Protein chains: 2
Amino acid sequence: MRKPVFPPTPKYAPIPMVAGPVTLHPAVIGAIAKDYGSGQIEPDFLPLYKETAGKLAKLMYTDDDVVLMTGEGMLALWGTLKSCLKPGDAVLTVGTGVFGDGMADMAESMGCKVTKVSLPYDSTIGNGDSLETIEAAIRASRPVMITAVHCETPSGTLNPLGELGEMKKRLGVPLLCVDAVASLGGAYIDARAWNIDIVMAGSQKCLSAPPSMSIVSVSPTAWDIMKRVNYQGYDAILPFRTIYADGRCPYTPNWHGVAALNAAADAILEEGMEEVFTRHDVVARECREGLARLGVGIFPRPGAVSAPTVTAAMVPEGRTWPEWRQALRDRGLIVSGSFGPMAGKVFRLGHMGMQADSGLVRQALEAIEDALR
Amino acid sequence: MRKPVFPPTPKYAPIPMVAGPVTLHPAVIGAIAKDYGSGQIEPDFLPLYKETAGKLAKLMYTDDDVVLMTGEGMLALWGTLKSCLKPGDAVLTVGTGVFGDGMADMAESMGCKVTKVSLPYDSTIGNGDSLETIEAAIRASRPVMITAVHCETPSGTLNPLGELGEMKKRLGVPLLCVDAVASLGGAYIDARAWNIDIVMAGSQKCLSAPPSMSIVSVSPTAWDIMKRVNYQGYDAILPFRTIYADGRCPYTPNWHGVAALNAAADAILEEGMEEVFTRHDVVARECREGLARLGVGIFPRPGAVSAPTVTAAMVPEGRTWPEWRQALRDRGLIVSGSFGPMAGKVFRLGHMGMQADSGLVRQALEAIEDALR
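What counts and how
- Residues numbered from 1 in each chain as written.
- Chains lettered and ligands numbered in written order.
- Predicted model: local features only at pLDDT ≥ 70, side-chain atom pairs only at ≥ 80, totals over all residues.
- Heavy atoms only, no water.
- Pairing = 2+ DSSP bridges.
- Helix = DSSP H or I, 4+ residues; strand = E, 2+ residues; numbered from the N terminus.
- Axes fitted to C-alpha atoms, helices over the stretch in contact; angles between N-to-C directions.
- Contact = heavy atoms within 4.5 Å.
- Least-squares fit on C-alpha atoms with pLDDT ≥ 70 in both.
- Parallel < 35°, antiparallel > 145°, perpendicular 65-115°, else oblique.
- Left-handed = near helix turned anticlockwise from the far one by under 90°.
- Nonpolar A, V, L, I, M, F, W, Y, C, P; charged D, E, K, R; others polar.
- Expected span 1.5 Å × (residues − 1).
- Buried < 20%, exposed > 50% of the residue type's maximum accessible area, 1.4 Å probe, protein only.
- Phe/Tyr/Trp six-rings, centres within 6.5 Å; stacked < 30°, edge-to-face > 60°.
- Lys NZ or Arg CZ within 6 Å of the ring centre and 35° of its normal.
- Buried area = accessible area lost by both parts, 1.4 Å probe.
- Salt bridge = Lys/Arg side-chain N within 4 Å of Asp/Glu carboxyl O.
- Polar contact = N/O pair within 3.5 Å; in protein donor to acceptor, adjacent residues only side chain to side chain.

1. Thoughts on the sheet that holds strand S9 (residues 198-202) of chain A
Sheet strands associate in pairs through backbone hydrogen bonding, adopting either a parallel or an antiparallel arrangement.
Residue and element names in this part refer to chain A.
No. 1: The strand order S2-S10-S9-S8-S5-S3-S4 describes an open sheet built from seven strands, whose pairing is mixed. Two strands lie at the open edges of the sheet, namely strand S2 (65-70) and strand S4 (113-118), each paired on one side alone. On average, adjacent strands in this sheet sit at an angle of 20° to one another, irrespective of strand direction.
No. 2: Relative to strand S10 (residues 213-218), S9 runs antiparallel, the two being bridged by three bridges. Its bridge partner lying in S10, Met-200 is registered against Val-216.
No. 3: The strands touched by helix H2 (residues 45-59) within the sheet are S2 and S10, with S2 carrying the most contacts at an inclination of about 115°.

2. Let's talk about the relation of the copies chain B and chain A
No. 1: After a rotation of 180° and a shift along the axis of 0.0 Å, chain B superposes on chain A with an RMSD of 0.0 Å. Here the copies are linked by what is in effect a two-fold axis.
No. 2: Comparing interface residues between copies, 100% of those in chain B also lie at the interface in chain A; the contact surface is shared.

3. What about the packing of helix H3 (residues 74-84) of chain B against helix H4 (residues 98-109) of chain B?
Residue and element names in this part refer to chain B.
No. 1: Contact geometry of H3 with H4 gives a least axis separation of 10 Å together with a crossing angle of 45°. Our classification of the angle between H3 and H4 gives oblique. H4 is crossed by H3, and the crossing has right-handed handedness. Between H3, through Met-74, Leu-77, Trp-78 and Leu-81, and H4, the contact on the second element is made entirely by Phe-99, Met-103, Met-106, Ala-107 and Ser-109.
No. 2: Within the contact of H3 with H4, the residues separate by chemical class into eight nonpolar, one polar and no charged.

4. Some thoughts on H4 of chain B
Residues and elements named next belong to chain B.
No. 1: Between its first and last C-alpha atoms H4 spans 16 Å; for twelve residues at 1.5 Å apiece the expected length is 16 Å, and the two agree.
No. 2: Turning to H4, its buried residues number three or more, namely Gly-100, Asp-101, Gly-102, Met-103, Ala-104, Met-106 and Ala-107.
No. 3: Structurally, H4 contributes buried residues whose contacts are with H3, strand S3 (90-95), strand S4 (113-118), strand S5 (145-149), strand S6 (151-152) and strand S9 (198-202).
No. 4: Once H4 ends, the next one or two residues include Gly-111, with phi positive near 85°.

5. Quick look at the packing of aromatic side chains
No. 1: On inspection of all chains with the given rule, the structure shows 18 aromatic pairs over all chains.
No. 2: With a centroid separation of 5.1 Å and 75° between ring planes, the pair formed by Tyr-61 of chain A and Tyr-188 of chain A is classed as edge-to-face. In this pair, Tyr-61 of chain A is assigned in the loop between H2 and S2 and Tyr-188 of chain A in the loop between strand S8 (175-179) and S9, connecting sequence segments 127 residues apart.
No. 3: Note on Tyr-188 of chain A: relative accessible area 38%, which makes it partly exposed.
No. 4: Taken together, a centroid distance of 5.5 Å and an interplanar angle of 80° make the contact between Tyr-188 of chain B and Trp-194 of chain B edge-to-face.
No. 5: Every member of this aromatic cluster is reached through a ring pair, and the members are Tyr-36, Phe-45, Tyr-49, Tyr-244 and Trp-255 of chain A.
No. 6: One residue, Lys-50 of chain A, lies across the ring of Tyr-244 of chain A, its end atom 4.9 Å from the ring centre.

6. Some words on the interface of chain B and chain A
No. 1: Listed per partner, the contact involves 66 residues of chain B and 66 residues of chain A.
No. 2: With both chains or domains summed, chain B and chain A bury close to 5,200 Å², and 59% of this area falls on carbon and sulfur atoms.
No. 3: In this structure, the connection of chain B to chain A is made through two salt bridges.
No. 4: Where Arg-329 of chain B meets Glu-42 of chain A, a salt bridge forms, and the shortest distance between an N and an O atom there is 3.1 Å.
No. 5: Across the chain B-chain A interface, the total number found is twelve residue pairs in polar contact (both at pLDDT 80 or more).
No. 6: Mapped onto the side of chain B that touches chain A, the elements with two or more residues apiece are helix H1 (26-32), helix H2 (45-60), H3 and helix H9 (255-271) of chain B.
No. 7: Per-element tally for the side of chain B that touches chain A: the top contributor is H9 of chain B, with six residues.

Purely geometric numbers; function is a separate question.
Right under this line is the structure:
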């Protein structure tokens, strides 16, 4: 058995490019390699929580409250659905990939009346007549909530959300909830301008922290709906509403997780949000252009928006996915596969957070070039 | 703002004795101060998960499967109730404190038919006619599940569970679920001998790890019931049943959290389980005897079983809790208050995990003696 080693050991591979969990930021490792007091007792905890929530709100361009929960990003998704919806409530899920359509299954398991707008997995919102389809579905189903995914990691796409947000407002839909797990901190997401009521995010993607924290922004309308629904469970968001007033958390808070998010947000804010988003855009373009030079196709169709945080590429013809994965691993490059209909056909390079690095992408492209020979 | 410091900084206080999160084990800090790969991709993760689950099963004296979930201990409690119970199901909650009775509220919020046996908060199961009361309640309500708490931290008590387990078997109750959040790894808990179907535990108490992981053991009967209920949510335990067969986790696993639990379990197994339990017993007795010498009363009634992991003592007469807390803090001692009916009257010394240390208790007693002057 490997013994724990201190200080940190390097990643498994010289070229870690999985689509999350990504390489930790050194400041994040510094923040978790500590012995904190009790978050319920020490007067330092709540200010740290509030400060961290405020920094994450900045990354979302929102003035809404931000809640930090202990659990992987799926906690943000389940918590949002269960906190806002009752059985029988109408929900409209907009899917351009595995996660977008997955929200329909989740809401269905809760007994909601789900209308599922499932668009091609290589497309993004705005392609073809997708907006007309969505508008017709909203008019027909009158949903309490629209769900959408910002970055569909399995597809390597980024959905434009401005028009969907405008539509939500124009048609009077109470809630627009957006999965930004794989975009928050790596791509521009404007909750205020795009009328997003709940941004759902996690720690292990662009924030370069371990997969133990979930983040949700909550609009005043969303709080009102949560108060009416009054859902109870581990994933209930409502109990966090009064955390500053009474200092009470629904469970022992994870000081390490909050400190990790704080360090992660600091790193982004110190570099500058626009600079960080530009870095992701540049690296993603370098990745796509490099793949094109090597004759490796990308998954998103022409006209779809490729994600700045992850590139979904086609497994080369004549190779099975396990062969290709091993060929890359033999050259020190660790990539992700994909899910659902893309499984076995698509591989993914995660260039988010710490991995949004031109040098890393260059190394990855060299490994791919060599593996193609 | 404090900048993250590397290596770890010391605890806030020279005498940290809160009832959790406790001081981290150095090997746990070593395990989390690392950059791991993706648990879904690296072949090392699943063996580590399995090895860790096996070690935690040893600490529970069970051959049942053990599941490691990402979230604070409340996740184990909610996950157990929601995974096993449907609205209308009969549940019997045995409470000798805030957490035991809290299970009744949780099950009620789910629409279960709850029978609540609420015993005095300074007593433990077996005191007075409690066993007769419980048996009568089981016969009258025919529950699917009995819940009980092993260590009631707010009361500083440890419930004997052998007779309850015998009764569960004799009366044919399908499930006995025990909250061992504050005892696992610090007190003897024998899931096999006591017929416990689900042991629910967390990381931040006797295991001396951060509050980010939940642990549940699952008996074959519990798996069968979970399959029938087929609950879906972040806290669903069932999806972990096939983790070794298909390698699939319901969400990105928290490698840091699993590694922390592995290091924590190693530390206990290397010291020896009996040695660790004895250390807790000895330290707890030293704490109680020391308090008695100083004229500080303890909360549990004569005849109740005091917990080996935490001592609940009475705030001295003539002092308010905030005054007393501050007097102790002025002397470097950080303790916990209590909850519910004990709030303001009881303070608690957490001597579990790393804090089950005679030297630490001696220092605490000196601080208390000084504060009493």
